[in-house]
Amino acid sequence: MSQPTKIFVLDTSVILYDSDALDSFQEHDLAVPITVLEELDNFKKGNNVLNLHAREFIRRLDKLSEDNDLREWLPLNGSDHGRLRVVTEGASLETKAELLGSRHNDHRILSAALGLAQQAPDRPVILVSKDINLRVKARALGLDAEDYETVQVRDVAHLYRGKSTLEIESDEPIERLYRERQVPLEVLHPSFESEPPLHHQYFIVRGPDKSALASAKPAQGIAKLVEKRPAYGIVPRNAEQTFALDAIADEKVPLVSLSGSAGTGKTLLALAGALDSRRYYRQIYLARPVVPLSNKDIGYLPGDIEAKLSPYMQPLWDNLNVIRNQYGETSREYQQIAAMIETEKLQIVPLAYIRGRSLSKVIFIVDEAQNLTPHEIKTIITRAGEGTKVVFTGDVFQIDTPYLDAQSNGLAYLIDRMKGHPLYAHVNLEKGERSELANVASKLL
């Protein structure tokens with residue numbers, strides 16, 4: 001006997017995360033509480049990606065309801081999809097949801113889900129939400145609840161790191177690599193003849209007495225020597241930092257991501273690498289997601305847009321000052337950075353205003369990218385025009401927004417989906433280099 005199809009009740013957080021969520025539940029039915037539509041109404045205006053998702057979803061419901069009653073089950077597009085309805089009523093009196101009170105929007109959504117469970121006792125009713133606390137409340141009331149997992153990285157613990165150690169039995173390939181600057185992949189390791197490494201994958205090559213750093217270029221069938229070189233006064237302190245600067249300096253790789261915990265040098269290396277490569281680009285753009293305190297929009301802050309953004313962008317200026325302070329105030333390098341800021345060759349831009357633009361001959365650094373959704377990551381990358389390079393930095397385990405986690409954030413999704421692509425390079429930075437005190441605190445506290 002076949003299992004009955006399920007009824008999934010969608011929370012607002014799911015729609016704001018993915019406006020195409022209606023297409024992700026196969027043959028199962030979907031219910032949208034009318035409270036969700038009320039909440040979406042508050043998000044429909046603005047340039048943020050959340051506003052975009054709200055508008056797209058509302059437009060789709062509008063199209064579905066042109067000649068239909070949304071209170072009834074309506075078939076979604078395609079024979080492999082289920083049905084949709086908007087739930088306008090809640091659970092009957094004396095239910096557990098009523099004990100919570102019905103004024104809070106979350107409780108009204110729970111009441112709608114409980115009402116569906118009462119109406120269809122023979123079918124599983126499941127609340128889908130990115131809000132952890134709402135899922136816990138639902139389970140406390142006897143409702144099944146799940147995270148929205150369509151756009152997720154399953155095994156984030158084994159996320160691609162971009163580099164590995166290669167142990168070889170002889171020093172001869174390493175000596176040849178230093179002499180010739182590049183060698184055929186199979187010379188570096190015989191296994192590469194049958195199983196080539198990923199594009200732009202980095203290796204710490206260790207022989208009995210010698211070692212080298214190399215980058216794989218499977219399209220050319222070679223491994224290239226990676227040398228330790230400073231970038232605008234910043235000297236890499238370990239192999240991963242050397243790899244990071246190599247990826248940023250490679251104009252043939254227009255998309256780079258750097259991941260790692262606090263203090264590993266992600267942002268500093270991205271800025272230094274961009275400044276060192278500035279001759280290839282018209283402008284350097286710097287940005288980071290605005291994650292306001294108490295989820296209030298930056299519009300609540302006083303001043304113009306520059307004044308509102310300043311507190312959130314201060315870490316970028318801090319890293320820029322570290323680079324500037326490698327030189328004296330009268331030095332050419334110090335003056336160049338000051339001139340770039342003054343002429344807006346080096347500019348901090350709000351991510352909210354990126355949509356709709358086409359960025360040509362720009363190197364665009366996006367810091368704290370783990371606080372972006374997969375859709376926001378895609379929106380930024382699709383702005384890249386000819387000659388543009390995009391660099392994302394962040395820590396996939398340090399999330400500051402309530403509806404993202406290590407599996408669903410945009411940076412982890414980018415790394416998982418883009419690994420091995422010829423246009424993409426990734427490096428995970430592991431060793432903290434901020435200071436000895438910072439390293440001790442990270443380990444012991």
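Just above, that's the structure.
On a predicted model such as this, the values are computed, not experimentally measured, just so you know.

About the thresholds
- Residues numbered from 1 in each chain as written.
- Predicted model: local features only at pLDDT ≥ 70, side-chain atom pairs only at ≥ 80, totals over all residues.
- Heavy atoms only, no water.
- Helix = DSSP H or I, 4+ residues; strand = E, 2+ residues; numbered from the N terminus.
- Contact = heavy atoms within 4.5 Å.
- Areas by Shrake-Rupley, 256 points an atom, 1.4 Å probe, with all protein chains shown as cover.
- Buried < 20%, exposed > 50% of the residue type's maximum accessible area, 1.4 Å probe, protein only.
- Pairing = 2+ DSSP bridges.
- Axes fitted to C-alpha atoms, helices over the stretch in contact; angles between N-to-C directions.
- Phe/Tyr/Trp six-rings, centres within 6.5 Å; stacked < 30°, edge-to-face > 60°.
- 1 Å grid on protein atoms, 1.4 Å probe; cavity = no way out; pocket = protein on both sides within 12 Å on 5 of 7 lines; lining within 4 Å.
- Points joined across faces, edges and corners; volume = space filled by probe spheres on them.
- Nonpolar A, V, L, I, M, F, W, Y, C, P; charged D, E, K, R; others polar.
- Expected span 1.5 Å × (residues − 1).
- Right-handed = clockwise from strand over helix to strand, strands pointing away.
- Polar contact = N/O pair within 3.5 Å; in protein donor to acceptor, adjacent residues only side chain to side chain.
- Parallel < 35°, antiparallel > 145°, perpendicular 65-115°, else oblique.

1. Here we look at the overall build of the protein
Okay, so step 1: In terms of helices and strands, the protein carries 15 helices and 17 strands.
Okay, so step 2: In the protein, the proportion of contacts linking residues at least 24 apart, taken out of those at least 6 apart, comes to 68%.
Okay, so step 3: Within the structure as shown, the protein displays about 22,500 Å² of accessible surface, and the carbon and sulfur contribution to it stands at 48%.

2. A look at helix α10 (residues 266-276)
Okay, so step 1: Most of α10 sits out of view: 10 of its 11 residues are buried.
Okay, so step 2: Among the residues of α10, those classed as buried are K266, T267, L268, L269, A270, L271, A272, G273, A274 and L275.

3. Some thoughts on the sheet that holds strand β6 (residues 144-146)
Okay, so step 1: Within the open sheet, the 6 strands sit side by side as β3-β4-β2-β1-β5-β6. Their pairing is mixed. Strands at the two margins of the open sheet, each flanked by one partner only, are β3 (74-75) and β6.
Okay, so step 2: As defined by bridge partners, strand β5 (residues 125-128) adjoins β6 across 3 bridges and the pair is classed as parallel. Counted as the bridge partner of V128 is E146 from β6.
Okay, so step 3: Against the sheet, helix α5 (residues 105-119) contacts β1 (7-10), β2 (29-33), β4 (83-87) and β5, and its axis sits at roughly 160° relative to β5.
Okay, so step 4: The strands touched by helix α6 (residues 132-140) within the sheet are β5 and β6, with β6 carrying the most contacts at an inclination of about 165°.

4. Structural notes on the packing of aromatic side chains
Okay, so step 1: Counted according to the given criterion, the structure contains 8 aromatic pairs.
Okay, so step 2: Between Y232 and Y327, the aromatic rings sit 5.7 Å apart at their centres with planes inclined by 75°, giving edge-to-face as the arrangement. A residue pair is termed long-range when its members are at least 10 positions apart, and Y232 in the loop between β11 (222-225) and α9 (239-249) and Y327 in the loop between α11 (305-324) and α12 (332-342) qualify at 95 residues.
Okay, so step 3: Accessibility expressed as a relative area gives 6% for Y232, which makes it buried.

5. Examining empty space enclosed by the protein
Okay, so step 1: All told, the structure shown has 1 cavity of 30 Å³ or more when counted by the stated rule.
Okay, so step 2: Counted as a void, the largest cavity has a volume near 50 Å³.
Okay, so step 3: Looking at the largest cavity, the residues that line it are K130, I132, R135, D147, P402, Y403, L404, D405 and S408.
Okay, so step 4: For the lining of the largest cavity, a count of residues per class yields 4 nonpolar, 1 polar and 4 charged.

6. Describing helix α3 (residues 49-64)
Okay, so step 1: For α3, which comprises 16 residues, the first-to-last C-alpha distance of 23 Å matches the rise-based estimate of 22 Å (1.5 Å per residue) to within 8%.
Okay, so step 2: Turning to α3, its buried residues are V49, N51, L52, H53, A54, F57, R60, L61 and L64.
Okay, so step 3: Looking at the buried positions of α3, the neighbouring elements they touch are α1 (12-17), β2, α2 (34-41), β3, β4 and α13 (374-381).

7. A word on unusual backbone geometry
Okay, so step 1: The phi torsion at Y232 lies on the positive side, around 50°, for a residue other than glycine.
Okay, so step 2: Even without a glycine there, the phi angle at E368 is positive, about 55°.
Okay, so step 3: When you line up the elements, E368 lands in the loop between β15 (362-366) and α13.

8. Some remarks on the pairing of β5
Regular strands place their side chains on alternate faces of the sheet.
Okay, so step 1: Along β5, one buried face is formed by V125 and L127 and the opposite face, lined by I126 and V128, is buried too.
Okay, so step 2: The pairing of β1 with β5 spans 4 bridges and is parallel. Residue pairing across strands places V9 opposite L127, the latter belonging to β5.
Okay, so step 3: Considered for its hand, the β-α-β crossover made up of β5, α6 and β6 is right-handed.

9. Observations regarding the environment of G432
Okay, so step 1: Relative to the elements of secondary structure, G432 occurs in the loop between β17 (424-429) and α15 (436-444).
Okay, so step 2: In this structure G432 comes out as buried when scored by relative accessible area, which is 15%.
Okay, so step 3: Sequence separation of G432 and G260 is 172 residues, and the distance between their C-alpha atoms is 8.8 Å.

10. A short note on the side chain of Q241
Okay, so step 1: Here Q241 lies in helix α9.
Okay, so step 2: With relative accessibility at 5%, the residue Q241 sits in the buried group.
Okay, so step 3: A polar contact is formed between the side chain of Q241 and the backbone nitrogen of R237, at a distance of 2.9 Å.

11. Thoughts on the packing of α3 against α13
Okay, so step 1: Across the interface, α3 lies against α13 with an axial gap of 10 Å and an inter-helix angle of 105°. Here α3 is positioned roughly perpendicular relative to α13, judged by the angle of their axes. For the pair α3 and α13, contact is made by V49, L52 and H53 and by H375, E376 and T379, respectively.
Okay, so step 2: Split into classes, the residues belonging to the contact of α3 with α13 amount to 2 nonpolar, 3 polar and 1 charged.

12. Here we look at the environment of H199
Okay, so step 1: Considering the arrangement of structural elements, one finds H199 in the loop between α8 (185-188) and β9 (202-206).
Okay, so step 2: Setting aside residues up to four positions removed in sequence, H199 forms contacts with A216, P218, A219, G420, H421, P422 and Y424.

13. Brief notes about the layout of surface pockets
Okay, so step 1: Here the second largest pocket is characterised by a volume of approximately 780 Å³.
Okay, so step 2: Lining the second largest pocket are 30 residues, and of these K224, R229, D246, A249 and D250 lie nearest its centre.
Okay, so step 3: Every element with two or more residues in the lining of the second largest pocket is listed here: β10 (211-217), β11, α9 and α10.
Okay, so step 4: Of the residues forming the lining of the second largest pocket, the biggest block, 4 residues, is contributed by α9.
Okay, so step 5: Each residue belonging to the lining of the second largest pocket can be placed in one class, and the counts come to 11 nonpolar, 8 polar and 11 charged.

14. What to know about the sheet that holds β11
Okay, so step 1: Strands sit in the order β7-β9-β10-β11-β8 across an open sheet of 5 strands; the sheet is mixed. The two strands at the open ends of the sheet, each matched to only one other strand, are β7 (163-167) and β8 (182-184). Adjacent strand axes in the sheet meet at a mean angle of 30°, parallel and antiparallel pairs treated alike.
Okay, so step 2: Alignment of β9 against β10, held across 5 bridges, turns out to be antiparallel. Following the sheet pairing, F203 is matched in β10 by A214.
Okay, so step 3: Across the face of the sheet, helix α7 (residues 172-180) comes into contact with β8, β9, β10 and β11 while running at roughly 70° to β10.
Okay, so step 4: Each of β7, β9 and β10 is contacted by α9, which is oriented at about 140° to β9, the strand it contacts most.

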